[in-house]
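Chain residues, written in single-letter form:
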There are 2 protein chains.
Amino acid sequence: MGNWIVHFHEGDRTMKTLLGGKGANLAEMTKLGLPIPPGFTVTTEACRSFYEGGMRMPDGLFDEIVAALAHLEERKGMKFGHAERPLLVSVRSGSVTSMPGMMDTILNLGLNDESVQGLARQTGNAAFASDSYRRFIQMYGNVVLGIPTNDFEKIVKKEKEMRGAEKDQDVTHEAWTAVIEQYKRLVLERTGAAFPQDVREQLEQAVKAVFASWNNARAKVYRKAYGIPDDQGTAVNVQAMVFGNLGEGSGTGVLFSRNPSTGEQALYGEYLLNAQGEDVVAGVRTPKRIEELAGDLPDVHERLRDVANRLERHYKDMQDIEFTVEQGELYVLQTRNGKRTAQAAVKIAVDLMNEGLLSGEEAVQRIEPMHLDRLLHPSIRESSDMVVAATGLPASPGAATGVVVLDADRSVQWRADGRRVILVTQETTPEDIHGVIASEGVLTSRGGMTSHAAVVARGMGKPCVCGCESVTVDLEARAIRIGAVVVREGEWISIDGATGRVILGKADIREPEMTEELAELLRTADGIRTMKIYANADNPHDAAIARHFGAEGIGLCRTEHMFMSGSRLAVFRDMILAECSTERQAHLDTILPMQQSDFEGIFEAMDGLPVTVRLLDPPLHEFLPDLEQLLGERRQLSANGAAESALATMDRLIVKVRAMCESNPMLGLRGCRLGLMFPEIYDMQLSAIFLAAKACLQRGIRVKPEIMIPLVGHPNELKGMAERIDSIAERTLGEDRALCRYKKGTMIEVPRAALVAGDIAVHAEFFSFGTNDLTQMTFGYSRDDAEGKFLNKYIDQGILPENPFETLDESGVGQLIEMAVLKGKSTRPTLKAGVCGEHGGERRSILYCHRVGLDYVSCSPFRVPYARIAAAQAALLTGGEKRVEPVHA
Amino acid sequence: MGNWIVHFHEGDRTMKTLLGGKGANLAEMTKLGLPIPPGFTVTTEACRSFYEGGMRMPDGLFDEIVAALAHLEERKGMKFGHAERPLLVSVRSGSVTSMPGMMDTILNLGLNDESVQGLARQTGNAAFASDSYRRFIQMYGNVVLGIPTNDFEKIVKKEKEMRGAEKDQDVTHEAWTAVIEQYKRLVLERTGAAFPQDVREQLEQAVKAVFASWNNARAKVYRKAYGIPDDQGTAVNVQAMVFGNLGEGSGTGVLFSRNPSTGEQALYGEYLLNAQGEDVVAGVRTPKRIEELAGDLPDVHERLRDVANRLERHYKDMQDIEFTVEQGELYVLQTRNGKRTAQAAVKIAVDLMNEGLLSGEEAVQRIEPMHLDRLLHPSIRESSDMVVAATGLPASPGAATGVVVLDADRSVQWRADGRRVILVTQETTPEDIHGVIASEGVLTSRGGMTSHAAVVARGMGKPCVCGCESVTVDLEARAIRIGAVVVREGEWISIDGATGRVILGKADIREPEMTEELAELLRTADGIRTMKIYANADNPHDAAIARHFGAEGIGLCRTEHMFMSGSRLAVFRDMILAECSTERQAHLDTILPMQQSDFEGIFEAMDGLPVTVRLLDPPLHEFLPDLEQLLGERRQLSANGAAESALATMDRLIVKVRAMCESNPMLGLRGCRLGLMFPEIYDMQLSAIFLAAKACLQRGIRVKPEIMIPLVGHPNELKGMAERIDSIAERTLGEDRALCRYKKGTMIEVPRAALVAGDIAVHAEFFSFGTNDLTQMTFGYSRDDAEGKFLNKYIDQGILPENPFETLDESGVGQLIEMAVLKGKSTRPTLKAGVCGEHGGERRSILYCHRVGLDYVSCSPFRVPYARIAAAQAALLTGGEKRVEPVHA
């Protein structure tokens, strides 16, 4: 090992930072005794030194390269640049973090007018030798000298046409020789210097060129996109060439140790005989499936199977292997952990666990939770002829296809006719809820990730694309316009809520499935994680789904969602508009049995598990008609000469709605403020909860209601409410009270609540962090306004590292959460604390929640499996308080 | 001293908690050797014990009373209930915190059918004796036995009528005797028992009745209103009676040691000869001015002067003294610190300081800052015939009178005609600004303490009453309705912005004045305080006022206010509506010289002092026309058959305004978000600042601009901006840059900013806490929505102790402020930190700011003197790091 160089036989896979991924794995395989052509790695330190010195090779590097080369010559019994037994090498980049195709490679280095003769003699194949030489000039000319590849290709093309050769294989030695002459002239012409015959100069220039390619435009863009540090630098691997194009006993290919698409335990890959790697990539010839190699070269096939097996056991993961066969001799040129589909990832992890290669912890750590999202929602089977017409916000995962409908009523009609529909509107309101239910998915042209459509669709597990501004809805023409494209109502369209894509026509939808492997993996994760996973569910149906996916309770049941459907909305609206509390009470009396029956259904679905019910939260005017629209209707009535009394009724409505308008409804009369101003509303909800509990208890269902007061900012808000809860429980449950162990708690979503959490915990048995509102108020962002108006630009411009509504802002909002947990638990050590915002279903936020000691996260039912895995990974990352062995089914 | 009783000669003023205010002062005066009728105090402990024991006298108390009484008998040479030389006593309540008139008193106790004879013989005045007896029966009957006073009065009235007596003095002994008989019958009738002849029983019942009066309805209400603890209890003073109604050598009166209205150093008070205290209160006879006593009873006048002087020097404050003269003998019955007007308070404090009675610190501590508010604004000279028609929010202090006008244009016209006007509207908008300027004051029927009208009026130091919902503006009738009252445009009205009162007609307005005493007091305060006092000022005129009142800098110059007037608003609006940045730049080029000239004026006014300029902060749509109004105009245009092009222009405007609508503008595109999205706006403002600085420097003015970026929540927002400031300063100032020491800083008004203040301080040389926004976001309250919809009810219901927008919420918002100061100063020890919200002018908040180590507070120019006093008091309260001697002019 020199200062700047490490031979393959000197390194190992732990030295990835110094040697890059490719170099470290070549060293590791060398150590394993696998057939690796000898070589050495110029380290990333050398690269950094190259840049620090102003793009000059560091002192001593070239001497070390020359010495290392001597060692190679010795190993191979060849001589670099020799006219008889020339040693040829490849010069490849190899960065620490994989950056596929971003940097440069030069093959066949060491050829010149003399050594090409030696190669011809050695291989007995003059055409091969001259082809190799012309390939080298072309690569070197491009990479080192900056001459466009196309300028070389034009020469080959002309020569082939002239000689009537179709494929490269048909080109003769003479023709290649003519091409070489023209190549050399091109080089002289463009650079003013002859193509270098000094092979050491070739090597020096090639290494420098690979270093330099670290900073080419596409590499920089890639690094920025993937957050790879600019000063990491690349290593350079110099390795003796082997040739897959020395006849039918030679070849090259790519091999996966398992099927990367399904995870099946069988070799998977393809190869070409008599070809070099580039030929596989170029796609001129169709590669053969790896199984066929058993026929073509049975020994090699056997050895490959053995190599794949050894590598997999060694790396404990499915391997993606590049190999070359030179005249019957197998060489491995690269191995790495293979990329795979979601389905394969799960199957492979579980299979490796069952094969004893991985522990349960390791298997769980292998899974990208994002994979589960794809597995558990319908997805689009990608195809090349798909037309993506627009991209909106990926508001609710899953994919759907259906015919366009432009209003909720028609959705219901067409659905009843057995048609699949996609509801497309400017934005949805609570009045459209039946349309959302009837549709396969929703596409809106306005509204953000928390718009009505987005929230409702996520709750229902339906795909939704929101705020797709290039979609215009033309109700008169009954059509939508997407740029220049017009899609009429009734024509097919598809949406992908995971990516925000809007696709013309009927896409091929792949249905989700819960495989046996996935179930096993989730069980394993359950044994590891310490945080509980709850779900957000507002009705018995969602609660049942949540339980099916493994939820251990309901962390958020939004009682207002119970009123968002047609007939209920009307009663609710009357209640809000009531002139006095007597009238309000009358409407509440109508509402009570509806809420009660919802609660009964939910308690039944969650039998034995806690159900956190949040009392009414949103500003009342969210349930009211739009003022501008009302004024329009008023004008219409007046123009049509409506009766005075009708106008008067309308006017009263308008006055009421106007009075309820707020300049900042987010910060207005909502949450417990409502409950304190109109106590009869919360009283009704509490009665409904306890009546439902009583009814369930009589049927032998174990109910555990946890009553949650929203938007508390001062302990006094909760204090009075807690007394009220007890008194209604007392009154309603009577002697059943002992059987119904309910809890009282609060959302922590106003910054002040976190600051005075110690005082609030006096009255609260649990805290649930409403991280969406908490983020809004801590940043002073209204999510709906911010995302369209500045937040995305903030992220683009790097002012914010990421969207705090997607990934919890640990350095700001996190301080409040940590403070609240600390203060809350110091007042009440048994305090239960969790997150019920959307962050509860996001991986990094889940890791964070675990780290700060939360007891649970609550997320949408469809995201529960995702959260189970993420919570287990969190436990493992922080040292895993609980170590477990894999759980078998 | 017994367990429950303290004789006057045993106590002193330090025992106020035990003896109540009256008792402690009687003891103190006895110790001083002043002529105090002997007596003793039943302690507040006895009262608490009375309540704890279920309204029973504690064991031993009555024995102690009897023993104390024996002592009194001995001192006076009289006998309680004796037929010859009867001792009479008064039984008076005396609580720790003054509760004037809330509890009961009984005089002449000790009279019965026998002792009344003795009193007659002793005084040689049978009519006096029988009058005293009937007075006693009446008081005892009312206080102890609960018979309404009116039932007794009716008997006296009938008797007087029957006998043709007009005044009490005209009633004969016989007549009183007849009254006494009827009184006794009344008592027997109502209570079923005869009026008690046992004087000990009289005393026991009287003491119990006074204890019981602690819990009468009016006392409870009073305690609740003034925050007096219910378990404090009252003491009871039993004291030998002296009589002011024993002929022309007797009398009674009240004396202030200085004039409580002006503070002048001369006795002030009134007296009646031959009268008891009640007679002065009853107002049947007109009391004489105290100066006349020098003619009536010269010796007594001389002694009184001496007593007043001794008490004032002893208590080091102006005294309010009650006295009685019995046959030429002066007795003092009470002394306490006298209530006084604002003007008197200042003059007395300064005079006492100059007389060497008070140190500078003590003089400053004597001032209620609220007093200064009255002194420095016009106020209404109270009068009994004033009709208060309504009360709104006290939005901007001061008082004004003028004729009602209903729109801004007419305000300007009428003002030009020389009329004083009060602008009355539903609410004001930036378009009404010329009307506000032309008016004496503003009255609105809608909008809270931060509404446009309120903010603008406070800034201009004009009185304003906001959100006065009982006022309806009827533009058609050109009148306003206040309940049933109609005031037509052009009729007089008056408003009191300090109390929110709306007064019919032309009230008498007292103009403010800065007296020499006030100036001296402020200078003394300046020597004590350690916090600097800055002012909020947006134009040269306000800056000049601020400096006149002693501001040491501008803490907040709101650049958007510079655009709220007519012609400027139009240009600004065009700028906002610009379709592209080129068009926007053109409008900005028009605006630049306007801003520059404002800045020049402000820099000039503040020559040598810092001027904190906040770049544009509010959401842009605040400057735009109202959408509903625009839609109305659009329909009007269309109905009138306007040209297509006019309609198209209108439509473009509507689209633009609609696009700028935000659901929660408070949390939307404003502050630095605007500056980052439309950098050309801030660039213009920065150029204007530095061009103005350059121009001023050339005129020899010392400029110290401090540039403040609003709404920062992430350090990156400030980082880029700070670079921009430097580069524009560099470009604009050129070589003058060395002369212009500008600072860069930020508002801390988003909770996140406080949480990450350490990182923000890397880029900020100062923090200014925008406590209004910080309160809004920390509580999650939109002030405008909250105050009308729930905040006031929260305070009424005791959910919140007070309005956090008026008094800084120390336990919640305060945590963020303390955290930010700590983190900010730990990053940058030289960081300057202050408050520029409205809390900067509120006393308790100023005390808080001092306590947490802020460097300055900034408030409205008119509140600067108030803040100077409050800051000095803050320094004294926290131990006063700086002790100073009074500063003389």
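These notes cover the structure that comes with them. For clarity, every value in this text was computed on a predicted model and none was experimentally measured.

**So, empty space enclosed by the protein**
Residue and element names in this part refer to chain A.
Inference 1: Using the criterion set out here, one finds two cavities of 30 Å³ or more in the structure.
Inference 2: Every residue along the wall of the largest cavity is listed here: His7, Phe8, His9, Thr30, Ile36, Pro37, Pro38, Gly39, His71 and Arg75.
Inference 3: One number sums up the size of the second largest cavity: a volume of about 30 Å³.
Inference 4: The greatest single-element share of the lining of the second largest cavity, amounting to four residues, is contributed by helix α6 (residues 149-163).

**Concerning the packing of aromatic side chains**
Residues and elements named next belong to chain A.
Inference 1: Applying the stated criterion across every chain yields a total of 34 aromatic pairs over all chains.
Inference 2: Ring geometry for phenylalanine 136 against phenylalanine 195: centres 5.7 Å apart, planes inclined by 80 degrees, an arrangement best described as edge-to-face. Separated by 59 residues along the polypeptide, phenylalanine 136 in helix α5 (residues 126-143) and phenylalanine 195 in the loop between α7 (173-191) and α8 (199-213) bring together distant segments of the chain.
Inference 3: Owing to a relative accessible area of 0%, phenylalanine 136 belongs among the buried residues under this scheme.
Inference 4: A residue is classified by how much of its surface remains accessible, and phenylalanine 195, at 3% relative accessible area, is buried.
Inference 5: Centre to centre, the rings of phenylalanine 599 and phenylalanine 603 are 6.3 Å apart; their planes meet at 20 degrees, and the pair counts as stacked. A residue pair is termed a helical-turn pair when its members lie 3 or 4 positions apart in one helix, as phenylalanine 599 and phenylalanine 603 do in helix α22 (residues 581-605) at four residues. Phenylalanine 603 matches phenylalanine 599 in its accessibility class, with the two residues each being buried.
Inference 6: An aromatic cluster is present here, built from Tyr133, Phe136, Tyr140 and Phe195 joined pairwise through their rings.

**Section: the nonpolar core**
Inside soluble globular proteins, nonpolar side chains tend to come together where they are buried.
Inference 1: Core analysis: the biggest nonpolar cluster contains 287 residues, and A:Phe769 and B:Phe769 have the highest contact counts within it.
Inference 2: Apart from the residues within four sequence positions on either side, A:Phe769 is in contact with A:Ile748, A:Leu774, A:Ile817, A:Ala820, A:Val821, A:Ala833, A:Gly834, A:Val835, A:Cys836, A:Gly837 and A:Leu854.

**Digging into helix α12 (residues 298-315) of chain A**
Residue and element names in this part refer to chain A.
Inference 1: Across its 18 residues, α12 extends 26 Å between first and last C-alpha, which sits within 8% of the 26 Å expected from 1.5 Å per residue.
Inference 2: Of all the residues in α12, the buried ones are Val300, His301, Leu304, Val307, Ala308, Leu311, Glu312 and Tyr315. Burial along α12 is one-sided: seen end-on, the buried residues are contained in an arc of 125 degrees.
Inference 3: Looking at the buried side of α12, the elements it contacts are α1 (16-31), β8 (251-256), α11 (293-296), β11 (319-326), β12 (329-337) and α13 (342-354).

**Considering the side chain of B:Thr428**
Residues and elements named next belong to chain B.
Inference 1: Tracing the backbone shows threonine 428 in the loop between β17 (421-425) and α17 (433-438).
Inference 2: You can call threonine 428 buried: its relative accessible area is 6%.
Inference 3: Within the structure, threonine 428 has its side chain in polar contact with the backbone nitrogen of alanine 453 (distance 3.1 Å).
Inference 4: Setting aside residues no more than four positions away along its own chain, threonine 428 makes contact with Val436, Val442, Thr444, His452 and Ala453.

**Observations concerning the side chain of A:Thr401**
All names here are of chain A.
Inference 1: Mapped onto the secondary structure, threonine 401 falls in strand β16 (residues 399-405).
Inference 2: A distance of 3.3 Å separates a polar side-chain atom of threonine 401 from the backbone oxygen of isoleucine 493.
Inference 3: Looking at threonine 401, its side chain comes within polar contact range of the main-chain nitrogen of alanine 507, at 3.5 Å.
Inference 4: If we ignore the near neighbours within four places in the chain, the residues touching threonine 401 are Arg420, Ile422, Glu440, Trp492, Ile493, Ser494, Gly505, Lys506, Ala507 and Ile509.

**Considering the sheet that holds strand β1 (residues 5-7) of chain B**
All names here are of chain B.
Inference 1: Read from one edge of the open sheet, five strands run β1-β2-β7-β5-β6, paired in antiparallel fashion. Sheet topology places β1 and β6 (105-109) at the edges, where each strand pairs with a single neighbour. Neighbouring strand axes in the sheet, compared pairwise and without regard to direction, differ in orientation by 20 degrees on average.
Inference 2: As paired elements, strand β5 (residues 89-95) and β6 share three bridges and run antiparallel to each other. Bridge assignment links valine 91 to a residue of β6, and that residue is isoleucine 106.

**What about the state of the cysteines?**
Inference 1: Within this structure, the stated rule accounts for zero disulfides over all chains.
Inference 2: Summary of cysteine pairing: A:Cys466 is not part of a disulfide, and the nearest cysteine sulfur, belonging to A:Cys464, is at 3.5 Å.
Inference 3: When its relative accessible area of 0% is taken as the criterion, A:Cys466 is described as buried.
Inference 4: Not engaged in a disulfide, the cysteine B:Cys836 finds its nearest cysteine sulfur in B:Cys849; these two sulfurs lie 11 Å apart.
Inference 5: For B:Cys836, a relative accessible area of 4% puts it in the buried group.

Conventions used here
Each chain carries its own residue numbering, running from 1 in the direction its sequence is written. Whichever chain is written first becomes A and whichever ligand is written first becomes 1, with later ones labelled in order. Note on the predicted model: pLDDT of at least 70 is required for a residue's local features to be given, and 80 or more for side-chain atom pairs to be given and counted; whole-chain, interface and lining totals, by contrast, use all residues. Each side-chain value is derived from all of the structure's non-hydrogen atoms; neither hydrogens nor water enter the calculation. Points on a 1 Å grid over protein atoms alone make up a cavity when a 1.4 Å probe fits among them but cannot get out, and a pocket when they form an open set with protein on both sides within 12 Å along at least five of seven lines; lining residues each have an atom within 4 Å of a point. Grid points are joined across faces, edges and corners, and a volume is the space filled by probe spheres set on the points. Strands here mean DSSP runs of E at least two residues long; helices mean DSSP runs of H or I at least four residues long; both are numbered from the N terminus. Ring pairs are drawn from Phe, Tyr and Trp, using the six-membered ring of Trp, whenever the two centres fall within 6.5 Å, and their geometry is named by plane angle: stacked under 30 degrees, edge-to-face over 60, tilted for the rest. Whether a residue is buried, partly exposed or exposed follows from its accessible area with a 1.4 Å probe, protein chains only, as a fraction of its type maximum: under 20%, in between, or over 50%, in that order. Put simply, a nonpolar core is a bunch of buried Ala, Val, Leu, Ile, Met, Phe, Trp, Tyr and Cys residues held in one set by side-chain atoms that sit within 4.5 Å of each other. Every residue pair with non-hydrogen atoms within 4.5 Å of one another is taken to be in contact. Every helix has an expected span of 1.5 Å times one less than the residues it contains. By arc we mean the arc of the directions from the helix axis to the C-beta atoms, nothing more. We call two N or O atoms a polar contact when they sit within 3.5 Å, provided that within protein one can donate a hydrogen and the other can accept it, with sequence-adjacent residues counted only if both atoms are side-chain atoms. Between any two strands, pairing holds if DSSP finds at least two bridges. Comment: axis = line fitted to C-alpha atoms, over the contacting stretch for helices; angle = value between 0 and 180 degrees taken between N-to-C directions. A pair of sulfur atoms, both from cysteines and within 2.5 Å, is called a disulfide here.

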